[in-house]
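Residue-level structural notes
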Amino acid sequence: MTCMKIIFSQTRRNRIGGLFGVALFSGRFFHAELIRSESSALPVIHHSKYVCELPSNHRFPMAKFPRVLHFLLQDQVITEEQVWIPEIASKDLLSGVHSEDYLNNFLNGRINEQEQRRTGFPWSEGIVQRCRYETGGTVLAAEVALQRGLACSTAGGTHHAFPSYGSGFCLLNDLAVAAKYINDSSPRKRKVLIVDLDVHQGDGTAFIFKEEPSVFTFSVHCGKNFPIRKQQSDLDISVDDGMEDKDYLSTVADHLPWLLQTFRPDLVLYDAGVDPHWEDELGRLRLTDQGLYQRDLYVMKTAVSAGVPVATVIGGGYSRDIDKLALRHSIVHRAASEVKNYQLF
């Protein structure tokens, strides 16, 4: 069960316009220290192109992404001034994790039917664009978190994507791309702790970093859920079907503090999947809305209190009721807005 063991030019268009536009891979990256700290309010990363068209009745709830932002604005959790807009992830950025053959095939539509069945998505130019913006959002969240202490994307968490293929509604591994970029974008390798609390094991992420000591993968997942064949994370906690709030929160609390103390990461990437919820169509656990809120608040407060910046992604969540699902995904942003004194630098 247990085994011990980061871009591109970014622009916050609605606040700083083109002040920091830099050509992709033109010799100097746009690092987080170049971002202006204009406010202590929580940065939320979002792009309207986080979505694309899917066939009618497709199981993946694509419409949830803009609804997450809608509810955050409607409920006055955030204002429009807090929204940061990522740019599309370049092929060079993605190649830090994914193979050249896979990227060429994926970007150019040479994905066969068997491969499409494995991912759950029919190939389209729209799905390519969506995944690249989503990955860009996660990398921007990581960069902003290093500058501001905490940042949250309204998408991301595609942890089933492997270097040479996609799987389980995951085509590009945004968490791995962000971790690899952050890891490599300074003279000293910055260490990244990936805290994956999606109900499914982050098998693609675990495989990608299995021999990388500066990235630690920590996964708490339902053992009898997808994927059937698990990979070996640096720390895997497999939990039984039906686990409820109290036991789940205790499980996380038993491991996160000592991981922060012993691994001493420079950044936490937090996959706040809501599929452990009792109403989730693909989950097998029994967490409530309050349980998810307490989980998210605990993870972020614990890391920030230890002086570690946190970037969050929304991870998995499946329901035909898009508004209910989007509200559930917004829990991590609501919890983040309650984390005090997170501006570390």
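Rules used in this analysis
Residues numbered from 1 in each chain as written. Predicted model: local features only at pLDDT ≥ 70, side-chain atom pairs only at ≥ 80, totals over all residues. Heavy atoms only, no water. Helix = DSSP H or I, 4+ residues; strand = E, 2+ residues; numbered from the N terminus. Buried < 20%, exposed > 50% of the residue type's maximum accessible area, 1.4 Å probe, protein only. Areas by Shrake-Rupley, 256 points an atom, 1.4 Å probe, with all protein chains shown as cover. Contact = heavy atoms within 4.5 Å. Arc of directions from axis to C-beta. Pairing = 2+ DSSP bridges. Axes fitted to C-alpha atoms, helices over the stretch in contact; angles between N-to-C directions. Right-handed = clockwise from strand over helix to strand, strands pointing away. Phe/Tyr/Trp six-rings, centres within 6.5 Å; stacked < 30°, edge-to-face > 60°. Lys NZ or Arg CZ within 6 Å of the ring centre and 35° of its normal.

An unreviewed UniProt entry lists the protein chain under the name Histone deacetylase 12, with Cyprinodon variegatus as the source organism.

**Thoughts on the overall build of the protein chain**
Within the protein chain, the regular secondary structure consists of 13 helices and 8 strands. Per-residue burial over the protein chain gives 58% buried out of 345 residues. Total accessible area on the protein chain is roughly 14000 Å²; 48% of this is exposed by carbon and sulfur atoms.

**Things to note about the environment of A142**
Considering the arrangement of structural elements, one finds A142 in helix α6 (residues 125-148). Between the alpha carbons of A142 and L269 there is a distance of 7.3 Å; along the sequence they are 127 residues apart. Those residues in contact with A142 that lie beyond four places of it in its chain are I182, L267, L269 and A311.

**So, helix α12 (residues 322-329)**
Residues L325, A326, R328 and H329 constitute the buried set of α12. All buried residues of α12 project into a common sector of 160 degrees when viewed along the axis, lining one side. Turning to α12, the residues buried within the fold contact α2 (64-74), α11 (289-305) and α13 (331-338).

**Some thoughts on the pairing of strand β3 (residues 150-153)**
Taking every second residue as pointing to the same face, both faces of β3 are buried, with L150 and C152 on one and A151 and S153 on the other. As paired strands, β3 and strand β8 (residues 310-313) are joined by 3 bridges and run parallel to one another. Paired with C152 across the strands is T312, a residue of β8.

**Observations concerning the sheet that holds β8**
Hydrogen bonds along the backbone pair up the strands of a sheet, which may run parallel or antiparallel. If you walk across this open sheet you meet the 8 strands as β2-β1-β3-β8-β7-β4-β5-β6, and the pairing is parallel. With partners counted over all chains shown, the strands left at the sheet margins are β2 (83-84) and β6 (235-239), one partner each. Strands in contact with α6 are β1 (44-45), β2, β3, β7 (267-271) and β8; relative to β3, the strand with the most contacts, it is inclined by about 165 degrees.

**Quick notes on the pairing of β7**
When you tally the buried positions in β7, you get 5 out of 5 residues, the bulk of the element. By the bridge criterion, 5 bridges tie strand β4 (residues 192-196) to β7 in an arrangement that is parallel. Bridge pairing links I194 to L269 in β7. Inspection of the sheet shows β7 paired to β8 by 4 bridges, in the parallel sense. Bridged to D271 within β8 is V313. Tracing the backbone out of β7, into α11 and back to the parallel element β8 gives a crossover that is right-handed.

**Things to note about the packing of aromatic side chains**
This model, assessed by the stated rule, comprises 10 aromatic pairs. Here F60 and Y318 contribute two aromatic rings whose centre-to-centre distance is 6.4 Å and whose plane-to-plane angle is 70 degrees, an arrangement assigned as edge-to-face. Of this pair, F60 sits in the loop between β1 and α2 while Y318 is found in the loop between β8 and α12, placing the two residues 258 residues apart along the sequence. Every member of this aromatic cluster is reached through a ring pair, and the members are F60, F65, F121, F169 and Y318. Above the plane of the ring of Y318 lies K64, whose end atom (NZ or CZ) is 5.6 Å from the centre.

**A short note on the environment of L260**
As for its position among the elements, L260 is in helix α10 (residues 256-263). Taking the C-alpha atoms as reference points, L260 and A306, separated by 46 residues in sequence, lie 7.4 Å from one another. Not counting chain neighbours up to four residues away, the residues in contact with L260 comprise L193, P265, V268, T302, A303, A306 and V308.

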